[in-house]
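Each chain, letter by letter, is given below.
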Amino acid sequence: MPSSDRPYRVTFVCSGNICRSPMAAVVLSHRAVTAGLGDVVTFGSAGTGDWHVGEHADRRAVAALAAAGYDGSQHRARQFDRGDFTGTDLVVALDRGHERTLRTWAPDGPSRDTVRLLRSFDPDADGPEVADPFYGADDGFAVVLAQVEAAAPGLLDHVRGQLGR
């Protein structure tokens, strides 16, 4: 549960923080603002690896976001740090490998309990993981965007519930 003096904090986590997790952060940030939650929740993203630290999001991710009216141009990749569990209310993994890694990194049971899979917020999801588009064709980024957008209402409902709204 968030402290009353700060926003509820959500961090999306994928492998390198240049595709899936920044796409999720951009979409959910936009959706939170349009849902009237922009002042009470913040969204960020990180990767389990350090390969892309400091880089922009993949150009294909930025293009898929732009085609749907989102701006992903400001993203800079960073690596998730075990210290990120402090002050983060919800850590959202994009696939089961990330989920396992994050649960291993969690310093205690309550921190492990903050880790969820993004698609667990989509009651109609056809599987638990957001597809990894990195090594595929450009249209894979549209698939990721659709999966993120489908999970967005459920995730925002979860946040509302946590905030008592």
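Provided above is the structure to which this section pertains.
A few points on the structure. (Residues numbered from 1 in each chain as written. Predicted model: local features only at pLDDT ≥ 70, side-chain atom pairs only at ≥ 80, totals over all residues. Heavy atoms only, no water.)

**Let's talk about helix 3 (residues 96–105)**
Taken together, the buried positions of helix 3 are His 98, Glu 99, Leu 102 and Trp 105. Along helix 3, the residues classed as buried sweep out an arc of 130° about the axis, all on the same side. Counted as exposed and oriented over 90 degrees from the buried face of helix 3: Arg 100 and Thr 104. Each element contacted by the buried residues of helix 3 is listed here: strand 1 (8–14), helix 1 (20–34), strand 3 (90–93) and strand 4 (115–117). Capping the start of helix 3 is the job of one residue whose side-chain oxygen sits 3.0 Å from the backbone nitrogen of Gly 97: Asp 95. (Buried < 20%, exposed > 50% of the residue type's maximum accessible area, 1.4 Å probe, protein only. Helix = DSSP H or I, 4+ residues; strand = E, 2+ residues; numbered from the N terminus. Arc of directions from axis to C-beta. Contact = heavy atoms within 4.5 Å. Polar contact = N/O pair within 3.5 Å; in protein donor to acceptor, adjacent residues only side chain to side chain.)

**Brief notes about the nonpolar core**
By size, the foremost hydrophobic cluster in this structure holds 37 residues, and its most contacted members are Val 10, Phe 12, Leu 28, Phe 43, Leu 118 and Leu 155. Residue assignment for this core shows that the elements contributing at least two residues are strand 1, helix 1, strand 2 (41–47), helix 2 (59–67), strand 3 and helix 5 (139–163). Leu 118 has contacts with Phe 12, Ala 24, Val 92, Ala 93, Leu 94, Val 130, Val 148, Ala 151 and Leu 155, leaving out every residue within four places of it along the chain. By size, the runner-up hydrophobic cluster in this structure holds 11 residues, among which are Val 13, Phe 80, Phe 85 and Ala 93. (Core = buried A, V, L, I, M, F, W, Y, C linked by side-chain atoms within 4.5 Å.)

**Quick notes on the packing of aromatic side chains**
One pass over the full model with this rule turns up 4 aromatic pairs. When the centroid spacing of 6.3 Å and the interplanar angle of 15° are considered together, the rings of Phe 80 and Trp 105 count as stacked. Placement of the pair is Phe 80 in the loop between helix 2 and strand 3 and Trp 105 in helix 3, with a sequence separation of 25 residues. One aromatic cluster in this structure is built from Phe 80, Phe 85 and Trp 105. Cation over ring: Arg 60 sits above Phe 134, and NZ or CZ is 5.6 Å from the ring centre. (Phe/Tyr/Trp six-rings, centres within 6.5 Å; stacked < 30°, edge-to-face > 60°. Lys NZ or Arg CZ within 6 Å of the ring centre and 35° of its normal.)

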